[in-house]
Amino acid sequence: MSNVDIDEVNKFAALASRWWDKNSEFKPLHDINPLRLNYIKKKCGGSLKGKKILDVGCGGGILAESLALEGAIVTGIDMAEAGLEVAKLHLLESGLEVDYQKIPVEDFAEQHLEKFDIVTCLEMLEHVPDPSSIIKACSKLVKPSGQTFFSTINRNTKSYLFAIVGAEYILKLLPQGTHDWDKFIKPSEMDEWARHSGLTLKSMIGMTYNPFTKTYKLEDDVSVNYLCHYQK
C-alpha cells in the first residue's frame, strides 16, 4: 500500500505556482529556510561542499536549492508533480543543479541503499499516513555514520493553539486546513521510530515564531515546531 495521502499531495500541488513567491502562503518556509540550513551545516561540520544530499518531500525546492548553493550534490524527491515542475523551472532562473524525481521514498530507498551522506525530511512527516515508514527509508538511504534531519510539529494543546488556531486562523501565516493536529508527532514517537530504524539522536531544537517582530528563531522550546538531527 502506498504511503501517500493524495489529499495532502493535491493540497500542495494546488499552491505550486506560488512556491517561490516570498509573500505567498510559502512565506514561512522562506523565512525559516536560513535557520534550517544553518542548523544542518553546523551539525555537519560547517561545510556541505561535495556532500551527497537527498531532500525528501522537497516541494518546490526551497531547501534543495539552498543546499546546492552550498556546493552539495543534491537530489530532491516528492510526490506532487506540480511542485516538482515548479522546482525544475526555478533551476533555469537560479542556474543551480538539483536532480528532481517523482518517486516514493520507500521505493527510492530500495534503489539507492546507503548512497547519501545526508538525508533531510523537513515539514513532511505530518502529511503522510505512516511517518515511521518514511524515517525507516531515510535510514536506509544514508551511509553508515551519515546524518539525517527531520522537522515536524509536536502534538499537544499548545501546538493546536499555535500551529493551527494561531498560524492558520488568527495570523493567517498558512492556508486554513494546512495541518491536521492528529497527524502531529511527539518527539518521543519520532525518537522511537528513529531508534528502531538504526538512528541515534544527536540534537533536537525548537523553532519559535514571534508574531510581533514576525521573526523565527531556534531555541530549546520544542513544544510546537522542532527540528532534530540523527546519525546512523
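Above this text sits the structure in question.
What you see is a predicted model, and the numbers here were worked out from it, not measured in a lab.

K.L.:
Even after reading the chapter, I still don't get the nonpolar core, so can you show me in this structure?
P.N.:
One broad trend across soluble globular proteins is that nonpolar side chains are buried collectively. Counting residues in each nonpolar core, the largest one holds 27 residues, and the members touching the most others are Val56, Ile134, Phe150 and Met190. Among the elements of the structure, β1 (52–56), α5 (105–111), β4 (116–122), α6 (131–141), β5 (142–153), α8 (187–196) and β8 (225–231) are those that each provide at least two residues to this core. Ranked by residues supplied to this core, first place goes to α6 with five residues. Leaving out residues up to four positions away in the same chain, Phe150 has contacts with Cys121, Leu122, Leu125, Ile135, Cys138, Met190, Leu199, Tyr226, Leu227, Cys228 and Tyr230. Ile40, Leu48, Ile53 and Leu227 belong to the second-largest nonpolar core, a separate cluster that totals 24 residues.

K.L.:
Help me out: how do you make sense of α8 in this one?
P.N.:
Residues three or four positions apart in an α-helix share a direction because the helix packs 3.6 residues into each turn. Looking at α8, one finds that the buried residues are Pro187, Met190, Asp191 and Ala194. One side of α8 holds all its buried residues, which, seen down the axis, span an arc of 95 degrees. Residues of α8 that are exposed and point more than 90 degrees away from the buried face comprise Ser188 and His196. Buried residues in α8 make contact with α6, β5, β6 (200–210) and β8. The positive-phi residue at the C-terminal boundary of α8 is Gly198, with phi of around 85 degrees.

K.L.:
When you look at the pattern of salt bridges in this model, what are you seeing that I'm missing?
P.N.:
It is possible for side chains bearing opposite charge to pair when their charged atoms get close. As enumerated under the stated definition, the model contains 13 salt bridges in all. The salt bridge partner of Glu25 is Arg18, with a shortest N-O separation of 2.7 Å. You can call Arg18 partly exposed: its relative accessible area is 31%. Asp117 serves as the salt-bridge partner of Lys143, at 3.1 Å between the closest nitrogen and oxygen.

K.L.:
Quick question: what am I supposed to make of the side chain of Ser203 here?
P.N.:
Relative to the helices and strands, Ser203 resides in strand β6. We classify Ser203 as buried; its relative accessible area is 14%. Within the structure, the side chain of Ser203 is placed 2.7 Å from the side chain of Tyr39, a separation counted as a polar contact. Each residue touching Ser203, except ones within four places of it in the same chain, is listed here: Tyr39, Lys43, Leu227, Cys228 and His229.

K.L.:
Sorry, what's going on with the packing of aromatic side chains here?
P.N.:
A ring pair, where both rings are aromatic, is described by two values, the distance of the centres and the angle of the planes. Summed over the entire model, instances satisfying the criterion amount to five aromatic pairs. Where Phe150 meets Tyr230, the ring centres are 6.1 Å apart and the plane angle is 65 degrees; that geometry is what we call edge-to-face. In this pair, Phe150 is assigned in strand β5 and Tyr230 in strand β8, connecting sequence segments 80 residues apart. Phe150 gets classed as buried once you look at its relative accessible area, which sits at 0%. Between the NZ or CZ atom of Lys52 and the centre of the ring of Phe116, over which it lies, the distance is 5.4 Å.

K.L.:
What is the right way to look at the sheet that holds strand β7 (residues 215–219) in this model?
P.N.:
Pairing between the strands of a sheet is mediated by backbone hydrogen bonds and can be parallel or antiparallel. The eight strands lie next to each other as β3-β2-β1-β4-β5-β8-β6-β7, forming an open sheet whose pairing is mixed. Of all the strands in the sheet, the pair left with one neighbour each is β3 (98–102) and β7. For this sheet, the mean angle separating the axes of adjacent strands, direction not counted, is 20 degrees. Alignment of β4 against β5, held across six bridges, turns out to be parallel. Bridge pairing in β5 places Cys121 opposite Phe150. Strand contacts of helix α2 (residues 27–43): β4, β5, β6, β7 and β8, with the helix running at about 25 degrees to β7, the strand carrying the most contacts.

K.L.:
Explain α6 to me, please; I cannot follow it from the model alone.
P.N.:
The complete set of buried residues in α6 reads Pro131, Ile134, Ile135, Ala137, Cys138, Ser139 and Leu141. Tucked into the core, α6 has its buried residues touching β1, α5, β4, β5 and α8.

K.L.:
Would you mind showing me how to read the pairing of β4 here?
P.N.:
On any regular strand, side chains alternate: one points to one face of the sheet, the next to the other face. In terms of residue burial, β4 counts as a mostly covered element, since seven of its seven residues are buried. Bridge count for β1 against β4 is three bridges, and the pairing is parallel. Paired with Ile53 across the bridge in β4 is Ile118.

Rules and cut-offs
- Residues numbered from 1 in each chain as written.
- Predicted model: local features only at pLDDT ≥ 70, side-chain atom pairs only at ≥ 80, totals over all residues.
- Heavy atoms only, no water.
- Core = buried A, V, L, I, M, F, W, Y, C linked by side-chain atoms within 4.5 Å.
- Buried < 20%, exposed > 50% of the residue type's maximum accessible area, 1.4 Å probe, protein only.
- Helix = DSSP H or I, 4+ residues; strand = E, 2+ residues; numbered from the N terminus.
- Contact = heavy atoms within 4.5 Å.
- Arc of directions from axis to C-beta.
- Salt bridge = Lys/Arg side-chain N within 4 Å of Asp/Glu carboxyl O.
- Polar contact = N/O pair within 3.5 Å; in protein donor to acceptor, adjacent residues only side chain to side chain.
- Phe/Tyr/Trp six-rings, centres within 6.5 Å; stacked < 30°, edge-to-face > 60°.
- Lys NZ or Arg CZ within 6 Å of the ring centre and 35° of its normal.
- Pairing = 2+ DSSP bridges.
- Axes fitted to C-alpha atoms, helices over the stretch in contact; angles between N-to-C directions.

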